[in-house]
Amino acid sequence: MPTKKDIGIEHREDEGRGAFFVQREGIQLAEMTYSRASDKLVIIDHTLVDDQLRGLGVARLLLDSLVSWARTTSTRVMATCPYALAQFAKDPSITDVFDGDPRT
């Protein structure tokens, strides 16, 4: 069983779709996907973590990586993904990149 410190988050974006993800030996084990609404706005639409990584906080690591990237690139974030919306609603430390009010 991997530990949190063993988890490397990767990022890819192609043709208006992107993902922050964890993969091992070519198999994707976790992902947070987004679509680009404009040059400076993305919408998180899905988060998935494989059972072998559950309980390690991987979904939050994915979100933290996306938030860090958003800050660096001056990208705003919206979400339709229930997990991401819940995290933005309960953690004010990441709402600086959120476009709107995550509690609504």
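Structural notes, computed from the coordinates. From a predicted model like this one, the values you see are computed outputs, not experimental measurements. Each chain has its residues counted from 1, running along the sequence as written. In view of the model being predicted, local features appear only for residues whose pLDDT reaches at least 70, and side-chain atom pairs are presented and counted only at 80 or more, with totals across whole chains, interfaces and linings using the full set of residues. Side-chain measures were taken over the full set of non-hydrogen atoms in the model, leaving aside hydrogen atoms and water.

Here we look at the environment of I44
For helices the rule is a DSSP run of H or I covering at least 4 residues; for strands it is a run of E covering at least 2, with both sets numbered from the N terminus onward. By the element assignment, I44 lies in strand 4 (residues 41–49). Two residues qualify as a contact provided that any one of their heavy atoms is within 4.5 Å of a heavy atom in the partner residue. Once residues within four sequence positions are removed from consideration, I44 is found in contact with M32, T33, Y34, L63, L66, V77, M78, A79, T80, C81, A84 and F88.

Some words on the packing of helix 1 (residues 58–73) against helix 2 (residues 82–90)
Interaxial angles span 0 to 180 degrees and are taken between N-to-C directions of axes, which are lines fitted to C-alpha atoms, for helices over the stretch in contact. Interaxial distance between helix 1 and helix 2 falls to 11 Å at its minimum, and their mutual angle equals 70°. Relative to helix 2, the element helix 1 lies roughly perpendicular. Contacts between helix 1 and helix 2 involve A59, R60, L63 and V67 on the former and, on the latter, Y83, Q87 and F88. When the residues that make up the contact of helix 1 with helix 2 are grouped by side-chain class, the tally is 5 nonpolar, 1 polar and 1 charged. Roughly parallel means an angle under 35 degrees; roughly antiparallel means over 145; roughly perpendicular covers 65 to 115; every other angle is labelled oblique. In this count, Pro and Cys sit with the nonpolar residues alongside Ala, Val, Leu, Ile, Met, Phe, Trp and Tyr, while Asp, Glu, Lys and Arg are called charged and the others, Gly among them, polar.

Some words on the pattern of salt bridges
What counts as a salt bridge is simple: a side-chain nitrogen of Lys or Arg found within 4 Å of a carboxyl oxygen of Asp or Glu. Within this structure, the stated rule accounts for 7 salt bridges. Note that D91 is salt-bridged to R60, the shortest N-O span being 2.6 Å. Here R60 lies in helix 1 and D91 lies in the segment after helix 2, a separation of 31 residues in the sequence. A relative accessible area of 16% places D91 in the buried class. Only protein chains enter the calculation, and the probe is 1.4 Å; a residue is then buried if its accessible area is under 20% of its type maximum, exposed if over 50%, and partly exposed in between. On the basis of relative accessible area, R60 is assigned to the partly exposed category, the value being 21%. Residue D99 is joined to R76 by a salt bridge in which the shortest nitrogen-to-oxygen separation is 3.7 Å. Separated by 23 residues along the polypeptide, D99 in the segment after helix 2 and R76 in strand 5 (residues 76–79) bring together distant segments of the chain.

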